[in-house]
Amino acid sequence: MPTLTRPYDPDLWSDAFYPPMTAWRVLARIGGMLLVFVIWLILTGLICAGLVRLGLGLDTAALIGVPLPPLVVLALNSAGVFNRPRGERKTLGAFRTWIAGPAGTARGLVPDHLARIEPRGDSALTLEVAPDWLEQPADKRLADIAGWYAVWNFCRGERPDRERLALQIRDQIGREVGGFVSADGGSIWVIDQADDSAVGDFQN
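All of these numbers come straight from a predicted model, not from anything done at the bench. (Residues numbered from 1 in each chain as written. Predicted model: local features only at pLDDT ≥ 70, side-chain atom pairs only at ≥ 80, totals over all residues. Heavy atoms only, no water.)

Peer 1: Please clarify how a nonpolar patch on the surface should be interpreted in this entry.
Peer 2: There is a patch of nonpolar side chains on the surface, built from Leu35, Phe37, Val38, Ile39, Leu41, Ile42, Leu43 and Leu46 and spanning about 730 Å² of accessible area. Among the secondary structure elements, Ile39 is positioned in helix H2 (residues 23-53). (Patch = residues over 30% accessible without salt bridge, like charges linked within 9 Å, V, L, I, M, F, W, Y side chains within 5 Å. Areas by Shrake-Rupley, 256 points an atom, 1.4 Å probe, with all protein chains shown as cover. Salt bridge = Lys/Arg side-chain N within 4 Å of Asp/Glu carboxyl O. Helix = DSSP H or I, 4+ residues; strand = E, 2+ residues; numbered from the N terminus.)

This is how it looks when you write it as structure tokens:
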């Protein structure tokens, strides 16, 4: 059956995932850093007070208490506590939110086009599409698949060292009608229903 392919653009959703810096975003980042600093001061004070009550001198308590919070954070980060892949439930929830949100709507994504979303571990995803999705032009279906691929990758916390996402698009009777091919830098594909004979074979 004829198919259409298009190279995948990894920067497709960059403006949505990483919006340009504005004055408000700068202030929010500064506020976040100040909050972290205040938390560090509070933890340091509590640790030092506890060590003093245990009989240590103030100088010794400060020597231990001041670097202890950041050292604990570094140790937890090295152990992978802060870099774990999101669980399937959180990834699925974030994916649905993005698809139905302003960014998805602006790019023409329709939540009702996805009849079923089936994650298969961290690096594989099957999307079952509704019949009306198949009636769209091939270019629109290609754009949808590229969007779904980009959003799921972002929601699962994609990193360069993570296995590439395997995406399959199936209709409601289980036939594969699109997906992502990782060879040659990555491309997306769909069944080409512009061919009249292909349409007849597909619908029968």
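Peer 1: Please explain the nonpolar core as it appears in this structure.
Peer 2: Here is a general trend for soluble globular proteins: nonpolar side chains tend to be buried in one another's company. One finds Phe95, Trp133, Trp148 and Ile169 to be the most contacted residues of the largest nonpolar core, which totals 35 residues. The leading source of residues in this core is helix H8 (residues 138-155), at ten residues. Here Ile169 is in contact with Leu127, Val129, Trp133, Ile145, Trp148, Arg175, Glu176, Val177, Gly178 and Gly179, once residues within four sequence places are set aside. (Core = buried A, V, L, I, M, F, W, Y, C linked by side-chain atoms within 4.5 Å. Buried < 20%, exposed > 50% of the residue type's maximum accessible area, 1.4 Å probe, protein only. Contact = heavy atoms within 4.5 Å.)

Peer 1: How should I be thinking about the side chain of Thr44 in this particular structure?
Peer 2: Structurally, Thr44 can be placed in helix H2. On the accessibility criterion, Thr44 (10% relative accessible area) is buried. Among the polar contacts made by the side chain of Thr44, one reaches the main-chain carbonyl oxygen of Trp40 at a distance of 2.8 Å. Contact partners of Thr44, with chain neighbours within four places excluded, come to Gly65, Val66 and Pro69. (Polar contact = N/O pair within 3.5 Å; in protein donor to acceptor, adjacent residues only side chain to side chain.)

Peer 1: Even after reading the chapter, I still don't get the pattern of salt bridges, so can you show me in this structure?
Peer 2: Side chains that differ in sign of charge can pair as their charged atoms come close. A complete count under the given rule lists five salt bridges for this structure. Arg107 is paired through a salt bridge with Asp15; the nearest N and O atoms lie 2.8 Å apart. You can see Arg107 sitting in the loop between helix H6 (102-106) and strand E2 (114-119) and its partner Asp15 sitting in helix H1 (residues 14-17), a full 92 residues away along the chain. When its relative accessible area of 48% is taken as the criterion, Asp15 is described as partly exposed.

Peer 1: Can you walk me through the sheet that holds E2 in this structure?
Peer 2: Within a sheet, neighbouring strands are paired by backbone hydrogen bonds and run either parallel or antiparallel to one another. Spatially, six strands are ordered E1-E6-E5-E4-E3-E2 in an open sheet, and the strand pairing comes out mixed. Either end of the sheet is taken by a strand with one partner, and the two such strands are strand E1 (3-7) and E2. Direction aside, the axes of adjacent strands within the sheet are offset by 15° on average. Inspection of the sheet shows strand E5 (residues 176-181) paired to strand E6 (residues 187-191) by four bridges, in the antiparallel sense. Bridge pairing in E6 links Gly178 to Val190. Each of E1, E2, strand E3 (124-129), strand E4 (166-170), E5 and E6 touches H8; the most contacted strand, E6, lies at about 135° to it. (Pairing = 2+ DSSP bridges. Axes fitted to C-alpha atoms, helices over the stretch in contact; angles between N-to-C directions.)

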